[in-house]
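Notes for the structure review
Here is what each chain is made of, one letter per residue.
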Amino acid sequence: IEPIHTLSDHTKAVCALEANSTYIFSGSFDGTIRVWDRHTLTTTKILTGHQGGVCTMAVCGGRLISGSIDIRVWNLETLALERILQGHNGGVNELAVAENKVLGGFDDALIRVWDTTSWEVERVLEGHVGAVYAIALDESRLFSASFDKCIRVWY
């Protein structure tokens, strides 16, 4: 595999990528999300407003969820901000989606679960003693990895 194109419009490190059938989304420590056309590989829009660097993103149906110190929900048709999620303190390191849920792993060692119908925090999972940096899901379990050197398995 050889690189065929370089997308280099961010001013700081790129640390998050997502894609759908229309766009590629890149999140950066410059606090922006660049929206790239998948076919022309040009920036079509820059999403701004995060309070810090964008370090995680997830596509959830017709929405892009992006995480920094704050968590923002963007409409993928209009590329407009729909809402800012509440119910958390500190930075989010990882976002994951499952059916009608958005899960976030945080610096405060907690995992928060939002219902995408109400956008309210449905559950807060405690168990780690260090920042949660990764989340993975299978059909029936949640796996989380933390700065505490542990991977936890949740049912």
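Here, every reference points to the structure presented above.
Structure report, in brief. None of these values were measured; they are calculated from a predicted model.

Overall, antiparallel pairing links the 4 strands, which are arranged β1-β2-β3-β4 in an open sheet. Sheet topology places β1 (14-19) and β4 (43-47) at the edges, where each strand pairs with a single neighbour. Neighbouring strand axes in the sheet, compared pairwise and without regard to direction, differ in orientation by 20 degrees on average.

The subject of this paragraph is the pattern of salt bridges. Overall, the coordinates contain 6 salt bridges when judged by the stated rule. Residue R63 is joined to E82 by a salt bridge in which the shortest nitrogen-to-oxygen separation is 2.7 Å. Residue R63 is found in strand β6 (residues 63-67), and its partner E82 is found in strand β8 (residues 81-85); the two are separated by 19 residues along the sequence. Linking R141 and D138 is a salt bridge whose minimum nitrogen-to-oxygen distance equals 2.8 Å. What you see here is one network of salt bridges that share partners, running through K101, D115 and E122.

The next point concerns unusual backbone geometry. Look at L41: it is not a glycine, yet its phi comes out positive at around 55 degrees. Summarising the element assignment, L41 is placed in the loop between β3 (33-37) and β4. The backbone phi angle of A109 is positive, close to 75 degrees, even though this residue is not glycine. With respect to the secondary-structure elements, A109 resides in the loop between β10 (101-106) and β11 (111-115).

Attention now moves to the pairing of strand β9 (residues 92-98). Taken across its 7 residues, β9 has 5 buried, putting it largely inside the fold. Here β9 pairs with β10 via 6 bridges, running antiparallel. Each residue of the ladder has a partner; that of L95, found in β10, is G104. Count of turn residues in the β9/β10 antiparallel hairpin: 2 residues, of which E99 carries a positive phi of about 50 degrees.

Looking now at the sheet that holds β6. Reading across the sheet, the 4 strands line up as β5-β6-β7-β8 and stay open at both edges, with antiparallel pairing between neighbours. Across the chains shown, the open sheet's two edge strands, defined by having one partner strand only, are β5 (56-60) and β8. Direction aside, the axes of adjacent strands within the sheet are offset by 20 degrees on average. As judged from the 5 bridges shared by β5 and β6, these two strands associate in the antiparallel manner. Residue pairing in the sheet places M57 in a bridge with S66 of β6.

Criteria and cut-off values
Residues numbered from 1 in each chain as written. Predicted model: local features only at pLDDT ≥ 70, side-chain atom pairs only at ≥ 80, totals over all residues. Heavy atoms only, no water. Pairing = 2+ DSSP bridges. Helix = DSSP H or I, 4+ residues; strand = E, 2+ residues; numbered from the N terminus. Axes fitted to C-alpha atoms, helices over the stretch in contact; angles between N-to-C directions. Salt bridge = Lys/Arg side-chain N within 4 Å of Asp/Glu carboxyl O. Buried < 20%, exposed > 50% of the residue type's maximum accessible area, 1.4 Å probe, protein only.

Coordinates in, geometry out; function isn't part of it.
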